[in-house]
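Observations on the model geometry
As a plain string of letters, each chain reads:
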Number of protein chains: 2
Amino acid sequence: MKLSAQEEYGLRCLLQIAQHPGPDPVQISELATGEGLSPEYVAKLVRVLRQGGLVTSTRGATGGYRLSRPASEITMQQVIEVLDGPLFSEAFCQVHTGQGVSCIHRPTDCSVRTLWRWVGGALQQVLEKITLADLLNGPKSMGVRLFEAGQNTPLAGAEPSL
Amino acid sequence: MKLSAQEEYGLRCLLQIAQHPGPDPVQISELATGEGLSPEYVAKLVRVLRQGGLVTSTRGATGGYRLSRPASEITMQQVIEVLDGPLFSEAFCQVHTGQGVSCIHRPTDCSVRTLWRWVGGALQQVLEKITLADLLNGPKSMGVRLFEAGQNTPLAGAEPSL
DNA sequence: TCTAATCTATACCATTTAGTCAACAAGGCT
DNA sequence: AGCCTTGTTGACTAAATGGTATAGATTAGA
């Protein structure tokens with residue numbers, strides 16, 4: 001339930017790419033000095049971002065990275081999924097090897113699973129509303145969006161079909 | 001941003017302890033067979049729960065574990081904190097070694113930090129409302145509580161002082 | 001064509017987390 | 001007292017994650 005390093009630094013790199021002025025792509029070295037990370041590590045992070053379809057790269061001299069689509073069309077939900085996989089997978093209870101007394105053998109009333117569905121739903125509710133552009137525009141923009149989200153569909157909206 | 005094994009299994013054990021009928025404490029062996037885990041592993045999990053103050057133990061023959069307070073007074077927030085530490089620590093940005101361009105040197109407008117504050121706030125909002133008792137009473141109880149929480153203070157309530 | 005700058009890939013080591021093992025401490029029971 | 005059942009502890013191995021190193025592929029420009 002904690003943020004992984006890959007999520008934290010991956011997001012920071014993505015922000016720098018989004019923030020970059022001019023038509024030129026951002027180079028790994030820029031990202032590295034900007035975030036205070038080693039170029040090798042940044043290379044690894046942006047590879048994940050690229051394979052996840054969030055950025056595109058051009059190789060060779062003068063190469064670098066660009067967002068694959070406008071910042072306003074990249075949600076935090078997508079970013080986190082790319083950097084760390086889905087928040088709560090469907091196969092969750094199968095993966096955890098408990099012999100079923102409270103889960104596999106009684107899949108309909110597994111209260112633990114229900115809890116995580118709820119929590120995951122609430123989280124997703126928030127993460128889907130926030131885009132990269134919101135982060136670039138600062139807290140104000142984010143606040144407005146979240147407030148609107150809260151008004152339209154309170155937490156009850158996160159209910160994932162009990 | 002994923003659930004750790006310790007969180008998942010620790011919570012399941014705690015639920016079994018809470019669910020246990022009669023005045024006798026629950027023994028490690030019961031928990032182990034109930035969840036399909038090795039007794040040794042359960043012992044380790046339950047140690048964390050005890051050190052976190054969620055359960056009390058009695059030693060010797062006929063010993064075992066009990067909740068340290070009523071299930072309705074144990075929130076998911078507390079459980080997760082015991083099993084995996086605080087969700088978002090205050091020292092978060094200090095820990096992550098980025099040389100500050102977007103954070104340490106400009107601590108007041110670090111958009112990443114603001115994001116996590118929001119997300120953490122929303123999460124906490126949900127986790128504080130759900131108690132062990134709710135999980136035992138099943139989805140209905142949980143749904144009602146969350147809905148009420150959503151009504152009184154929508155997501156806006158999670159705003160942590162922008 | 002050559003070179004330098006850049007991204008790409010894989011292998012590697014360190015740290016953390018998951019889970020096991022074995023020796024020990026404490027309390028009930030005969 | 002002695003024994004047996006139970007919790008307690010710390011050390012240990014295995015797997016996942018965090019982060020580094022190195023060799024290779026691609027392109028702009030001289």
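Think of each chain on its own: its residues are numbered from 1, step by step along the sequence as written. Labels are handed out in written order, letters beginning with A for the chains and numbers beginning with 1 for the ligands. The predicted nature of this model means local features are confined to residues of pLDDT at least 70 and side-chain atom pairs, given and counted, to a pLDDT of 80 or more, with totals for whole chains, interfaces and linings taken over all residues. Hydrogens are left out, water is left out, and the side-chain values use all remaining heavy atoms of the structure.

**Digging into the protein's contact with DNA strand C**
Keep this limit in mind: Any residue with a heavy atom positioned within 4 Å of a molecule or strand is treated as near that molecule or strand. We define a polar contact as two N or O atoms separated by no more than 3.5 Å, with the added condition that, inside protein, one atom must be a possible hydrogen donor and the other a possible acceptor, whereas residues neighbouring each other in sequence contribute only through side-chain atom pairs. Secondary structure elements are defined from DSSP: runs of H or I of at least 4 residues count as helices, runs of E of at least 2 residues count as strands, and each element is numbered from the N terminus.
DNA strand C sits among 25 residues. The nearest are A:Arg47, A:Tyr65, B:Ser38, B:Tyr41 and B:Lys44. When atoms of DNA strand C within 4 Å of the protein are split into backbone and base, the sugar-phosphate part holds 71%. In this structure, A:Ser57 approaches DNA strand C through a side-chain N or O atom, which is 2.7 Å from a phosphate oxygen. Residue B:Arg59 places a side-chain N or O atom 3.3 Å away from a sugar or linking oxygen belonging to DNA strand C. Those elements giving two or more residues to the surface near DNA strand C turn out to be α3 (39-51), β1 (55-58) and β2 (64-67) of chain A together with α1 (5-19) and α3 (39-51) of chain B.

**Considering the pairing of β2(A)**
Residues and elements named next belong to chain A. Put simply, the test is: Strands pair, by our definition, only if DSSP identifies at least two bridges between them.
As paired elements, β1 and β2 share 4 bridges and run antiparallel to each other. Each bridged residue has a counterpart across the sheet, and for Thr56 the counterpart in β2 is Arg66. Hairpin connection from β1 to β2: 5 residues lie between these consecutive antiparallel strands, with Gly60 at a positive phi of about 75°.

**Examining the protein's contact with DNA strand D**
DNA strand D sits among 25 residues. The nearest are A:Tyr41, A:Lys44, B:Arg50, B:Ser57 and B:Tyr65. Sugar and phosphate atoms represent 75% of those atoms of DNA strand D found within 4 Å of the protein. Within the backbone of A:Ala61, a nitrogen or oxygen atom sits 3.3 Å from a base oxygen of DNA strand D. The separation between a phosphate oxygen of DNA strand D and a polar side-chain atom of B:Tyr65 is 2.6 Å. Of all the secondary structure elements, the ones that give two or more residues to the surface near DNA strand D are α1 (5-19) and α3 of chain A together with α3, β1 (55-58) and β2 (64-67) of chain B.

**Some words on unusual backbone geometry**
Within the chain, A:Thr62 stands out as a residue other than glycine whose phi angle is a positive 65°. With respect to the helices, strands and loops of the structure, A:Thr62 is situated in the loop between β1 and β2.

**Overview of the side chain of B:Asp134**
Residues and elements named next belong to chain B. Rules: Think of it in three bands: residues with accessible area under 20% of the maximum for their type are buried, residues over 50% are exposed, and the middle band is partly exposed, with areas taken using a 1.4 Å probe on protein chains only.
Looking at the secondary structure, you find Asp134 in helix α7 (residues 132-137). Take Asp134: its relative accessible area is 3%, and that puts it in the buried class. A distance of 3.0 Å separates a polar atom in the side chain of Asp134 from the backbone nitrogen of Thr131.

**Re the confidence of the model for chain A**
All names here are of chain A. Where we set the bar: Per-residue confidence from the prediction method is given by pLDDT, with values spanning 0 to 100. The contact criterion used throughout is that any non-hydrogen atoms of two residues lie within 4.5 Å.
Here chain A averages 81 in pLDDT, and 72% of its residues register 70 or above. Low pLDDT, under 50, characterises residues 104-109; the stretch is placed with 7 contacts to residues that sit more than four places away or in other chains. pLDDT under 50 marks residues 152-162. Its contacts with residues more than four places away, or in other chains, come to 24 contacts.

**Quick look at the nonpolar core**
Where we set the bar: Take the buried Ala, Val, Leu, Ile, Met, Phe, Trp, Tyr and Cys residues and link them wherever side-chain atoms come within 4.5 Å; each set so joined is a nonpolar core.
With 80 residues, the main nonpolar core has A:Leu11 and B:Leu11 as its most contacted residues. With near-sequence residues (within four places) excluded, A:Leu11 lies in contact with A:Gln6, A:Met76, A:Val79, A:Leu83, A:Leu132, A:Leu135, B:Val112, B:Leu115 and B:Trp116.

**Points about a positive patch on the surface**
The test is simple: Think of a patch as exposed residues, more than 30% relative accessible area, with no salt bridge, where like charges cluster within 9 Å and nonpolar side chains (Val, Leu, Ile, Met, Phe, Trp, Tyr) cluster within 5 Å. Accessible areas in this description were obtained via Shrake-Rupley with a 1.4 Å probe; residue shielding takes into account the shown protein chains only. Note on definitions: salt bridges are taken to be side-chain nitrogens of Lys or Arg within 4 Å of carboxyl oxygens of Asp or Glu. Charged-residue counts in this description rest on Lys and Arg as positive and Asp and Glu as negative, His and the chain ends being excluded. Charged side chains are reduced to one point each, which is NZ for Lys, CZ for Arg, CG for Asp and CD for Glu.
The grouping of A:Lys44, A:Arg47, A:Arg50 and A:Arg59 at the surface amounts to a positive patch. Here A:Arg50 lies in helix α3.

**Remarks on the environment of A:Glu40**
Note on placement: A:Glu40 falls in helix α3. C-alpha of A:Glu40 to C-alpha of A:Ile28: the two residues are 12 residues apart in sequence and 8.6 Å apart in space.

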